[in-house]
Amino acid sequence: MTTTIKPAPVKKSISVSATPERAFAVFTQRFDAWWPRSHSIGDAPLKEAVIEGRVGGRWFGRLENGTDAQWGEVLAWEPPSRVLLAWRIGANWQYDPDLLTEVEVTFTPEAGGATRVELEHRHLERMGEGGEGMRASFESDGGWLGLLKLYAALLDAPS
Amino acid sequence: MDYGSAAFAAIADPTRRRVLERLSTRPMAVGEIAAGMPVSRPAVSQHLKVLKEAGLVSDRQDGQRRIYAIDPKGLGAMRAWLDQFWDTALEALKAEIERREEGDQDP
């Protein structure tokens, strides 16, 4: 028997020594400064990672070959407390305009001038609805086995 | 059960990663998987059980045999990967926020 388990959202929380205004600004306007360079899609290295600061603004990677690789867009823009992003990259590591997973980030003031940054990446089960296209690619290095290798490398790295 | 933790734990074991690599070539029965590995068939069965519970492999009955395959949806691996990824990303965000704080006036 094959059972399907709906994956829970990925939830993360971290406290930063800054105001919500600063935390929000660094997350969005200075997105390129902290986004891990290795995390991009497309056929050229990532030159700049961008969140355009408005509802409907694009979330994308500008590649060194001059093209833009779309990742998603801004669904809600509520500085300095909340931003909601559409993540439209599937488990096959391709942009899919029909896939909608959400990344919600909230910025809440804490005592002592700190800010609690909470991130939730949800509707991950929709990544399993890719049908034949995803099935065809899952065995390639660009598919989830490729992710698995990257992930295993992280686990194996000395901490 | 925490689904993400299950996938995380499943992938953390090198023998289970080896099982996944073998299954990535094609679906196989337990005996075929075990044939190329330095562990017993019952041990491989146990690893398959863990991988199945974590959502990483699926199985189907084929006559007398049970055939195992990588779950084509791959959600377990994807979720585990994202879980790790967002940890890394938020640590980098925190470093950038607090680096930018330097040189500013304290409130």
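Residues numbered from 1 in each chain as written. Chains lettered and ligands numbered in written order. Predicted model: local features only at pLDDT ≥ 70, side-chain atom pairs only at ≥ 80, totals over all residues.

Focus on the overall build of chain A
For the record, the criterion: By the criteria applied, helices consist of DSSP H or I runs no shorter than four residues and strands consist of E runs no shorter than two, each listed in order from the N terminus. Once C-beta atoms are placed from the backbone, each residue is buried if 20 or more other C-beta atoms lie within 10 Å of its own, exposed if 12 or fewer, and partly exposed for counts between those two. Placing C-beta atoms from the backbone, we regard two residues as in contact once those atoms come within 7 Å.
Helix and strand content of chain A: four helices and seven strands. Taken from the N to the C terminus, the helices and strands of chain A come in the order β-α-α-β-β-β-β-β-β-α-α. For chain A, with 159 residues in total, the buried portion stands at 31%. The contacts in chain A between residues at least 6 apart in sequence include a share of 41% that link residues at least 24 apart.

Quick look at the overall build of chain B
Per the secondary structure count, chain B includes five helices and three strands. Of the regular secondary structure in chain B, the N- to C-terminal order runs α-α-β-α-α-β-β-α. Within chain B, the fraction of its 107 residues that count as buried is 38%. When contacts within chain B are restricted to residue pairs at least 6 apart in sequence, those whose partners lie at least 24 apart make up 55%.

Description of the sheet that holds strand β2 (residues 57-62) of chain B
Residues and elements named next belong to chain B. Short version of the rule: Strand pairing is defined by DSSP finding a minimum of two bridges between the two strands. To get an axis, fit a line to the C-alpha atoms, keeping to the stretch in contact for a helix; angles then go from 0 to 180 degrees between the N-to-C directions.
Reading across the sheet, the three strands line up as β1-β3-β2 and stay open at both edges, with antiparallel pairing between neighbours. Strands at the two margins of the open sheet, each flanked by one partner only, are β1 (28-29) and β2. As judged from the two bridges shared by β1 and strand β3 (residues 65-70), these two strands associate in the antiparallel manner. Bridge pairing in β3 links Ala29 to Ile67. Across the face of the sheet, helix α2 (residues 14-23) comes into contact with β1, β2 and β3 while running at roughly 95° to β3.

A short note on α2 of chain B
For the record, the criterion: Comment: arc refers to directions from the helix axis out to C-beta atoms.
When α2 of chain B is considered as a whole, its buried residues turn out to be Arg16, Arg17, Val19, Leu20 and Leu23 of chain B. Buried positions in α2 of chain B, seen along its axis, are confined to an arc of 155° and lie on one side of it.

Considerations on the packing of α2 of chain B against helix α4 (residues 41-53) of chain B
Residue and element names in this part refer to chain B. The condition is simple: Angular relationships are summarised with four words: roughly parallel below 35 degrees, roughly antiparallel beyond 145, roughly perpendicular across 65 to 115, and oblique for the angles in between. All residues other than Ala, Val, Leu, Ile, Met, Phe, Trp, Tyr, Cys, Pro, Asp, Glu, Lys and Arg, Gly among them, are scored as polar; the first ten of these are nonpolar and the last four charged.
Contact pair α2 / α4: the axes reach a minimum separation of 10 Å and the direction vectors enclose 85°. It follows from the interaxial angle that α2 and α4 lie roughly perpendicular. Note on element contacts: α4 touches α2 through Val44, His47, Leu48, Val50 and Leu51, opposite Thr15, Arg16, Val19 and Leu20. Tallied by class, residues from the contact of α2 with α4 come to six nonpolar, two polar and one charged.

Here's the deal with the sheet that holds strand β3 (residues 58-63) of chain A
All names here are of chain A. Ordered by their spatial adjacency, seven strands build an open sheet running β1-β7-β6-β5-β4-β3-β2, and the pairing between neighbours is antiparallel. Of all strands in the sheet, those bounded by a partner on one side alone are β1 (10-16) and β2 (46-51). Adjacent strand axes in the sheet meet at a mean angle of 20° when their direction is disregarded. Sheet topology note: the β1/strand β7 (residues 115-122) ladder contains seven bridges and is antiparallel.

With respect to the pairing of strand β6 (residues 101-109) of chain A
All names here are of chain A. In this structure, strand β5 (residues 82-87) lies alongside β6, joined through six bridges in antiparallel fashion. Looking at the pairing, Leu85 lines up with Val103 of β6. In textbook terms, the turn of a hairpin is the stretch between consecutive antiparallel strands, and for β6 and β7 this stretch comprises five residues, one of which, Gly112, has a positive phi near 80°.

With respect to α4 of chain B
Residue and element names in this part refer to chain B. Applied cut-off: In this scheme, a helix's expected span is set at 1.5 Å multiplied by one less than its residue total.
Here α4 contains 13 residues, and its C-alpha end-to-end distance of 18 Å stays within 8% of the 18 Å for a straight helix at 1.5 Å per residue. When α4 is considered as a whole, its buried residues turn out to be Val44, His47, Leu48 and Leu51. Down the axis, α4 shows its buried residues gathered within 105° of arc, on one side only. Away from the buried face of α4 by more than 90 degrees, exposed residues Pro42 and Lys49 are located. Phi for Gly55, located one or two positions after α4, is positive at around 80°.

Focus on the pairing of β2 of chain B
Residues and elements named next belong to chain B. Taken together, the six bridges between β2 and β3 define a ladder with antiparallel strand orientation. Bridge pairing in β3 links Asp59 to Tyr68. Hairpin connection, β2 to β3: the antiparallel pair is bridged by two residues, and Gly63 has positive phi, about 65°.

A short note on unusual backbone geometry
Residues and elements named next belong to chain A. That bond from Pro79 to Pro80 is cis: its omega, 5°, falls within 30 degrees of zero. Tracing the backbone through its elements, the reader meets Pro80 in the loop between β4 (68-78) and β5. Residue His123 is not a glycine yet carries a positive backbone phi of 65°. Along the chain, the position of His123 falls in the loop between β7 and α3 (132-137).

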